[in-house]
Amino acid sequence: MRKRVDWDEEIRKTERIRRKGLFMSLLSFGVAVAFIFGMSRFTGADVEIPRTVLIAVVFCVSCVVFRAVMRHRRNKNHD
């Protein structure tokens, strides 16, 4: 006879894996940006980021962090 599948546990595992993947993607992006800026300073190349792009990036990162915090609080209240 087959073992019953605990779908709630499977969903929790999937969420953990998804969060780890998102974290690794953001970390890789940060390392790539740091490398680009580090190399541009090392080689003397001039890399400028327009102010509006910087504001948009900060806004997007803030939204992701806000959503993660709200999801964590919602899950914490349900447990």
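Above: the structure in question.
Everything numeric here is computed off the predicted structure, so don't read it as measured data.

(A) Examining the overall build of the chain more closely. The helix and strand inventory of the chain stands at 2 helices and 0 strands. Each of the 79 residues in the chain was classed as buried or not, and the buried ones make up 1%. Split by element, the accessible area of the chain, about 8,000 Å² in all, is 66% carbon and sulfur.

(B) Structural detail: the pattern of salt bridges. If you walk through the whole model with that rule in mind, you get 4 salt bridges. Among the ionic pairs, R12 bridges to E9, the shortest N-O distance being 2.9 Å. With R12 and E9 both in helix α1 (residues 7–43), this residue pair falls 3 residues apart, about one helical turn. By relative accessible area, which is 26% here, E9 ends up partly exposed.

(C) Seen up close, a nonpolar patch on the surface. A surface patch of nonpolar side chains, about 860 Å² in accessible area, is lined by I49, V53, L54, V57, V58, V61, V65, F66, V69 and M70. Residue placement: V65 occurs in helix α2 (residues 51–78).

Conventions used here
Residues numbered from 1 in each chain as written. Predicted model: local features only at pLDDT ≥ 70, side-chain atom pairs only at ≥ 80, totals over all residues. Heavy atoms only, no water. Helix = DSSP H or I, 4+ residues; strand = E, 2+ residues; numbered from the N terminus. Buried < 20%, exposed > 50% of the residue type's maximum accessible area, 1.4 Å probe, protein only. Areas by Shrake-Rupley, 256 points an atom, 1.4 Å probe, with all protein chains shown as cover. Salt bridge = Lys/Arg side-chain N within 4 Å of Asp/Glu carboxyl O. Patch = residues over 30% accessible without salt bridge, like charges linked within 9 Å, V, L, I, M, F, W, Y side chains within 5 Å.

None of this, on its own, says anything about what the molecule does.
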